[in-house]
Amino acid sequence: LCSVMPLVLRAAEKPHLETRNGRHALIVDGAPFLVLGAQINNSSSWASTLPQVWPALEDMHANTVEAPVYWEQLESRPGTFDFSTADLLIKGAREHHLHLVLLWFGTWKNGNMHYVPQWVKTDPKTYPRVINAAGKPIDVLAAGSRNNLQADQRAFAALMHHVAEVDAQEHTVILVQVENESGIIGSPRDYSTESNREFAGQVPAEVLRALHKQPGTWTEVFGSRADETFQAYQQAHYVNEIAKAGKRELDIPFYCNVWLEYPIGELPERQIPNPGIGWPSGGPTQTMLPLWKALAPAIDMIGPDIYSDDRKFYTSVLDAYARPDNPLWIPETGYGDSYAAYLYLALGKGAIGFSPFGVDRTGWTWAPAAPDDSAAHRREPEGPRAHTSNYALLAPMARELAQLNLEGKLQTAVDAPGQAEQELDFGQWKATVRFGFPQPDGRPAPGTPDHSGRALVAQIGPDEFLVTGVDSSVFFHTAGHLPGIGSQILQAEEGHYVDGKWVPLRLWNGDQTDRGLNFRRSGNAVVHIKMGTF
Ligand code: N0T
């Protein structure tokens, strides 16, 4: 059996996004690339800590590192730039055969202004803050301020200019994140005199158009969401202007990450959405995404940071952000094992990449607090074990998977309560996935206790499929027929891809194929199956 498709890499081609029939791919060196990423901790982009970063990424089999670049370090004196952080990251990424996603910690970091230089922090007259409803300035820069915008633009553009210069040949840097979880923590909007005046006026036509609304004031049109929508309007414009200034220097895909709107607890008084407290107000949350897509065209993608492993919530977020005009990209997600199956869920929805947060050996791990604050949840996860086995399995065929996904040929199944058996539909061929072992004949599949069972099936020819999984069995049959009735396995070959070429290892048969291709918990096999009919 030969390789899926010839991969001709063109190193000089700039990273860019390609969209075909509403599906997307990130093109790196001229071919689709699946980002199997890992984000390092916030304070890890330093010469003193990077030695603890690279081995962790290598062990994880990541193909891409996400790392921050700090405005306070880049421009500690106004107009004087120190590019050493970007240089260190680019050099280290190259030495470790990784691609790099640069994260611009500028005006916003998690809904605050904590990464702006001291000369900005100490001069609120020139660089105004958000004013809260009580009339007090808070530690968030105002999005309505021209000075704030120009200061950030100048720094970001300088950084992009430098990257364009040092990375013109190799394109180590494949994506740039503009700001980090932008928004306001501490107020639903800016209540400065100018903002109040604007807020009292009519909603601009571009906002009405984007959201299909009738004219009126902000309060008339958006009711209880007026403050947040107003802030999103100011902020999307600001971020778009930053991105435009950067793109003039470095024309590669830019994205924003999002602190999501999480489901609110059971208590009735907490059912009211609480922008500025529950999440940073004005960011591209599930609710504000349509407005952001319309107002920030220089941002190519908006990617959710997903820190809840609740299956329903995770799925709803993937569905909200996977759009014909927004490639699905998960720039941050939980580092613990309970998040690993969601890589498969994301791939099944066409994701161009995925990246657990907090991967390095600086002695720091971060996991969100559990709603019930239980001790079990407060325990720190013991390293990205399940993510590591995913990456070990998928990294060698990351480009093949990205290409197949762009063509709409890849499907996945992930175990869920009551769904221990699932069917993937490839037209003439159906793939039935059953989760958990043992699977006694004639009885329903047991499912996996932690719902971590997962399977991936991609069609690589009319009767040929690439199949892999964990804790699952996969059998093929034709519509309305059991396996073995009118169809048969011609050959099931285990192997792997090496530089775009399929290298066979052995044939599977007997116990390994009789009740489906059986992928056990230690899941590390990829099978190229050839079906036939009779
Ligand atoms: C993330 C990370 C880092 C259900 C958290 C998450 C990263 C930033 N913020 O450590 O700070 O730089 O983007 C926000 C968490 C929401 C809480 C969800 C609880």
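Since the model is a prediction, treat every value here as computed from it, not as a measurement.

S.K.: Explain the sheet that holds strand 19 (residues 472-478) here, please?
M.R.: Backbone-to-backbone hydrogen bonds pair the strands of a sheet. The strands run either parallel or antiparallel. Judged by pairing direction, the sheet is antiparallel, and its four strands sit side by side in the order 15-16-19-22 without closing on themselves. Unpaired on one side and paired on the other, strand 15 (421-426) and strand 22 (517-519) mark the two borders of the sheet. Strand-to-strand twist in this sheet, taken as the mean axis angle between neighbours without regard to direction, amounts to 20 degrees. Of the pairings in the sheet, the one linking strand 15 to strand 16 (residues 429-435) comprises six bridges and is antiparallel in character. Paired with glutamate 423 across the two strands is threonine 432, which belongs to strand 16.

S.K.: Sorry if this is basic, but what is going on with the sheet that holds strand 18 (residues 464-470) here?
M.R.: Taking strand neighbours across the sheet as the criterion, the six strands line up as 14-17-18-23-20-21 in an open arrangement whose pairing is antiparallel. For this open sheet the edge positions go to strand 14 (410-414) and strand 21 (501-507), each flanked by a neighbour on one side alone. On average, adjacent strands in this sheet sit at an angle of 30 degrees to one another, irrespective of strand direction. When strand 18 meets strand 23 (residues 526-533), the two strands line up antiparallel, connected through five bridges. If you follow leucine 466 over to strand 23, its bridge partner there is histidine 528. In this fold helix 15 (residues 398-406) packs onto strand 14, strand 17 (454-461), strand 18 and strand 20 (487-498), with an angle of close to 75 degrees to the strand it touches most, strand 17.

S.K.: Even after reading the chapter, I still don't get the site of the ligand, so can you show me in this structure?
M.R.: Taken together, 14 residues surround the ligand, and among them Lys109, Asn110, Asn180, Glu181 and Glu332 come closest. Glutamate 181 places a polar side-chain atom, nitrogen or oxygen, 2.9 Å from a nitrogen atom of the ligand. Between aspartate 305 and the ligand, the recorded distance is 3.5 Å, taken from a side-chain N or O atom to an oxygen atom. When the free accessible area of the ligand is taken as 500 Å², the share hidden by the protein chains comes to 84%. Tallied by class, the residues present in the shell around the ligand amount to six nonpolar, four polar and four charged.

S.K.: Can you walk me through the confidence of the model for the protein chain in this structure?
M.R.: Any segment with low pLDDT has predicted coordinates that should not be analysed in fine detail. Mean pLDDT over the protein chain works out to 93, with 93% of the residues at or above the 70 mark. Below a pLDDT of 50 lies the segment residues 266-271, which in the model reaches five contacts outside its immediate sequence neighbourhood of four places, other chains included.

S.K.: I would appreciate a short explanation of the domain arrangement of the protein chain in the present structure.
M.R.: One frequent convention defines the size of an interface as the accessible area lost when the parts assemble. For the protein chain, the assigned domains are domain 1 (16-408) and domain 2 (411-533). Here the C-alpha centroids of domain 1 and domain 2 sit 36 Å apart. At the junction of the two partners, domain 1 supplies 17 residues and domain 2 supplies 20 residues. Summing both sides of the interface, domain 1 and domain 2 together bury roughly 1,500 Å²; the carbon and sulfur share of this comes to 72%. On inspection of domain 1 and its partner domain 2, the count reaches zero salt bridges. At the junction of domain 1 with domain 2, the criterion picks out five residue pairs in polar contact (both at pLDDT 80 or more). Elements with a contribution of two residues or more to the side of domain 1 that touches domain 2: helix 12 (341-348), helix 14 (385-394) and helix 15. Its residues assigned to classes, the side of domain 1 that touches domain 2 shows twelve nonpolar, three polar and two charged.

S.K.: In this structure, what is going on with the packing of aromatic side chains? I would like to understand it.
M.R.: To describe a pair of aromatic rings, you give the distance between the ring centres and the angle between the ring planes. Here the structure, examined in full by the defined rule, presents 25 aromatic pairs. An aromatic cluster is present here, built from Trp71, Trp104, Trp119, Tyr127, Phe156 and Phe254 joined pairwise through their rings. Between arginine 189 and the ring centre of phenylalanine 230, over which it is positioned, the NZ or CZ distance is 5.7 Å. Its guanidinium or amino end placed over the ring of phenylalanine 254, lysine 247 lies 5.1 Å from that ring's centre, counting from NZ or CZ.

S.K.: Any chance you could explain the packing of helix 3 (residues 84-95) against helix 5 (residues 146-166) here in plain terms?
M.R.: How two helices pack is summed up by the angle between their axes together with the distance between the axes. Interaxial distance between helix 3 and helix 5 falls to 11 Å at its minimum, and their mutual angle equals 35 degrees. Crossing handedness for the pair helix 3 and helix 5: right-handed. Counted together, Ala86, Asp87, Ile90 and Arg94 of helix 3 and Leu159, His162 and Val166 of helix 5 form the full contact between these two elements. Among the residues forming the contact of helix 3 with helix 5, the class breakdown is four nonpolar, one polar and two charged.

S.K.: What is the right way to look at empty space enclosed by the protein in this model?
M.R.: Over the atoms rolls a probe the size of a water molecule, and in doing so it shows where empty space is left. Scanning the model with the defined rule gives one cavity of 30 Å³ or more in all. When its volume is computed, the largest cavity comes out at roughly 50 Å³. If you trace the largest cavity, you find it lined by His24, Ala25, Leu26, Pro32, Phe33, Ala351, Ile352, Ala402 and Asn405. Elements represented by at least two residues in the lining of the largest cavity include exactly strand 2 (23-28), strand 3 (31-33) and helix 15. Across the lining of the largest cavity, the residue classes break down as seven nonpolar, two polar and no charged.

S.K.: Just to check I follow, could you spell out the packing of helix 5 against helix 9 (residues 226-247) for this structure?
M.R.: Running from N to C, helix 5 and helix 9 point in directions that differ by 30 degrees, and their axes come no closer than 8 Å. Overall, the two elements helix 5 and helix 9 adopt an arrangement that is roughly parallel. In terms of crossing hand, the pair formed by helix 5 and helix 9 is right-handed. When helix 5 is examined against helix 9, the residues Asn148, Leu149, Asp152, Gln153, Phe156, Ala157 and Met160 are found in contact with a partner set consisting of Tyr238, Glu241, Ile242, Ala243, Ala245 and Gly246. Tallied by class, residues from the contact of helix 5 with helix 9 come to eight nonpolar, three polar and two charged.

S.K.: So what exactly am I meant to see when it comes to helix 14 here?
M.R.: Residues that lie three or four places apart on an α-helix share one face, since the helix turns once every 3.6 residues. Of the positions making up helix 14, those classed as buried are Ala386, His387, Asn390, Tyr391, Leu393 and Leu394. Buried residues along helix 14 cover an arc of 165 degrees about the axis, so they all sit on one side.

S.K.: In this structure, what is going on with the pairing of strand 19? I would like to understand it.
M.R.: Note on strand geometry: in a regular strand, side chains alternate between the two faces of the sheet. The buried fraction of strand 19 amounts to seven of the seven residues, a majority that puts the element mostly inside the structure. Side-chain alternation along strand 19 places Ser472, Val474, Phe476 and Thr478 on one buried face and Ser473, Phe475 and His477 on a second face that is also buried. Looking at chain direction, strand 16 and strand 19 are connected through seven bridges and run antiparallel. Each residue of the ladder has a partner; that of lysine 430, found in strand 19, is histidine 477. For strand 19 and strand 22, the ladder comprises three bridges, and the chain directions are antiparallel.

S.K.: Sorry, what's going on with the environment of valine 120 here?
M.R.: Relative to the helices and strands, valine 120 is located in helix 4 (residues 118-121). Placed 298 residues apart in sequence, valine 120 and glycine 418 show a C-alpha to C-alpha distance of 55 Å. Not counting chain neighbours up to four residues away, the residues in contact with valine 120 comprise Trp71, Tyr127 and Leu141.

What counts and what doesn't
- Residues numbered from 1 in each chain as written.
- Predicted model: local features only at pLDDT ≥ 70, side-chain atom pairs only at ≥ 80, totals over all residues.
- Heavy atoms only, no water.
- Pairing = 2+ DSSP bridges.
- Helix = DSSP H or I, 4+ residues; strand = E, 2+ residues; numbered from the N terminus.
- Axes fitted to C-alpha atoms, helices over the stretch in contact; angles between N-to-C directions.
- Contact = heavy atoms within 4.5 Å.
- Near = heavy atom within 4 Å.
- Polar contact = N/O pair within 3.5 Å; in protein donor to acceptor, adjacent residues only side chain to side chain.
- Areas by Shrake-Rupley, 256 points an atom, 1.4 Å probe, with all protein chains shown as cover.
- Nonpolar A, V, L, I, M, F, W, Y, C, P; charged D, E, K, R; others polar.
- pLDDT = per-residue confidence, 0-100.
- Domains from an automatic or database assignment.
- Buried area = accessible area lost by both parts, 1.4 Å probe.
- Salt bridge = Lys/Arg side-chain N within 4 Å of Asp/Glu carboxyl O.
- Phe/Tyr/Trp six-rings, centres within 6.5 Å; stacked < 30°, edge-to-face > 60°.
- Lys NZ or Arg CZ within 6 Å of the ring centre and 35° of its normal.
- Left-handed = near helix turned anticlockwise from the far one by under 90°.
- 1 Å grid on protein atoms, 1.4 Å probe; cavity = no way out; pocket = protein on both sides within 12 Å on 5 of 7 lines; lining within 4 Å.
- Points joined across faces, edges and corners; volume = space filled by probe spheres on them.
- Parallel < 35°, antiparallel > 145°, perpendicular 65-115°, else oblique.
- Buried < 20%, exposed > 50% of the residue type's maximum accessible area, 1.4 Å probe, protein only.
- Arc of directions from axis to C-beta.

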